[in-house]
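Summary of the model geometry
These are the residues of each chain, in order.
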Amino acid sequence: KSTLFDIILGLLEPTNGKYYLETREKISNYKNNISFLEQKPSFFFDNIISNILMKEINLGDDIDKEKTKRIKEIFKILDIEYLLKNERLYTYSGPGCETLSGGEKQLITLVRILYNNRKIIILDEPTASLDLEKRELVISSLRDLSRLGKLVIMSSHNKNDFKYCDKILIKDNVDSPFSIKYKND
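The rules behind each value
- Residues numbered from 1 in each chain as written.
- Predicted model: local features only at pLDDT ≥ 70, side-chain atom pairs only at ≥ 80, totals over all residues.
- Heavy atoms only, no water.
- Phe/Tyr/Trp six-rings, centres within 6.5 Å; stacked < 30°, edge-to-face > 60°.
- Helix = DSSP H or I, 4+ residues; strand = E, 2+ residues; numbered from the N terminus.
- Lys NZ or Arg CZ within 6 Å of the ring centre and 35° of its normal.
- Pairing = 2+ DSSP bridges.
- Axes fitted to C-alpha atoms, helices over the stretch in contact; angles between N-to-C directions.
- Contact = heavy atoms within 4.5 Å.
- Core = buried A, V, L, I, M, F, W, Y, C linked by side-chain atoms within 4.5 Å.
- Buried < 20%, exposed > 50% of the residue type's maximum accessible area, 1.4 Å probe, protein only.
- Patch = residues over 30% accessible without salt bridge, like charges linked within 9 Å, V, L, I, M, F, W, Y side chains within 5 Å.
- Areas by Shrake-Rupley, 256 points an atom, 1.4 Å probe, with all protein chains shown as cover.
- Salt bridge = Lys/Arg side-chain N within 4 Å of Asp/Glu carboxyl O.
- Parallel < 35°, antiparallel > 145°, perpendicular 65-115°, else oblique.
- Left-handed = near helix turned anticlockwise from the far one by under 90°.
- Nonpolar A, V, L, I, M, F, W, Y, C, P; charged D, E, K, R; others polar.
- Expected span 1.5 Å × (residues − 1).
- Lys, Arg positive; Asp, Glu negative; His and termini not counted.
- Charge placed at Lys NZ, Arg CZ, Asp CG, Glu CD.

A separate point is the packing of aromatic side chains. On inspection of all chains with the given rule, the structure shows one aromatic pair. The interplanar angle of 75° and the centroid separation of 6.0 Å between the aromatic rings of Phe-5 and Phe-36 together place this pair among those described as edge-to-face. Of the two residues, Phe-5 sits in helix H1 (residues 2-8) while Phe-36 sits in strand E1 (residues 34-37), which places them 31 residues apart along the sequence. Sitting over the face of the ring of Phe-43, Lys-105 holds its NZ or CZ atom 5.6 Å from the ring centroid. A cation over an aromatic ring shows up here: Arg-143 above the ring of Tyr-164, its NZ or CZ 4.2 Å from the ring centre.

Here it is, written out as structure tokens:
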């Protein structure tokens, strides 16, 4: 899966064959329209809002009201509004937000992805650090994005995560090729 993601993200060139996403355009044509959620997301700033907008933001900085409104809507969709209380978006959370749990980091990175509103969304184990309730919210949100025309590609070891997928690539072991399972199979 890592090699496949690296090829889609344009980090690796395929050694043979051709790979297309939705059309016959080269994958490199999509590179500015892809969001990627790592299994263990990296945080570069010490507060939540900065890691969503990917630039240093401090309490009192002027942020466009439409941006703030959109971020709050996403927090509500993912049921993490508690992170909005007491100016927590701006509160120092340690270097790289180390005081946040793995699940919170996963959800905040998902907020960034949803906020950026890219056409292609690639997620590596997006529900790995989440409880069942949050897992369902995330999978449901990804289904909704797909219905809105987004291409959602994700990996998971949890078979329940695939219940809304149209196509599933299955790889039995490192040396085996991918097989495709369609939703109606």
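Take the sheet that holds strand E3 (residues 151-155) next. What the three strands build is an open sheet, ordered E1-E2-E3; its pairing is parallel. Every interior strand has two partners, whereas the edge strands, E1 and E3, have only one. In this sheet, adjacent strand axes meet at a mean angle of 10° when their direction is disregarded. One ladder, built from four bridges, connects E1 with strand E2 (residues 120-124); its direction is parallel. By the bridge assignment for E2, Ile-34 is matched with Ile-120. Across the sheet, helix H4 (residues 102-116) is in contact with E1 and E2; its angle to E1 comes to roughly 175°.

The subject of this paragraph is the nonpolar core. Counting residues in hydrophobic clusters, the biggest one holds 35 residues, and the most contacted among them are Ile-48, Ile-52, Leu-53, Ile-71, Phe-75, Leu-78 and Val-111. Residue assignment for this core shows that the elements contributing at least two residues are helix H2 (48-53), helix H3 (65-77), H4, E2 and helix H5 (132-147). Dropping the residues within four chain positions of it, Ile-48 is found in contact with Phe-75, Leu-83, Arg-88, Leu-89, Cys-97, Leu-100 and Ile-108. Counting ten residues, the second-largest nonpolar core is a separate cluster that includes Leu-4, Leu-21, Ile-34 and Ile-122.

Next up on the list: a nonpolar patch on the surface. Residues Leu-169, Phe-178, Ile-180 and Tyr-182 make up a contiguous nonpolar surface patch of roughly 370 Å² in combined accessible area. As for its placement among the helices and strands, Ile-180 is situated in strand E5 (residues 179-182). For Ile-180, a relative accessible area of 46% corresponds to the partly exposed category.

Let us look at the packing of H3 against H4. A pair of packed helices can be characterised by two numbers: the angle between their axes and the separation between those axes. Axis separation between H3 and H4 bottoms out at 10 Å; the angle between their running directions is 130°. Between H3 and H4, the angle falls in the class oblique. Considering only the axes of H3 and H4, their crossing is right-handed. Listed contacts from H4 to Lys-67, Arg-70, Ile-71, Ile-74 and Phe-75 of H3 are Val-111, Leu-114 and Tyr-115. Residues of the contact of H3 with H4, tallied by class, amount to six nonpolar, no polar and two charged.

What follows covers H4. Taking 1.5 Å as the rise per residue, H4 with 15 residues should run 21 Å; its terminal C-alpha atoms sit 21 Å apart, in good agreement. Counted residue by residue, H4 has 13 buried out of 15 residues, so it is predominantly covered. Positive backbone phi, approximately 55°, marks Asn-117, located one or two places after H4.

A cluster of acidic residues, Glu-56, Asp-61, Asp-62, Asp-64 and Glu-66, forms a negative patch at the surface. Among the secondary structure elements, Glu-56 is positioned in the loop between H2 and H3. Classification of Glu-56 by relative accessible area gives partly exposed; the value is 40%.

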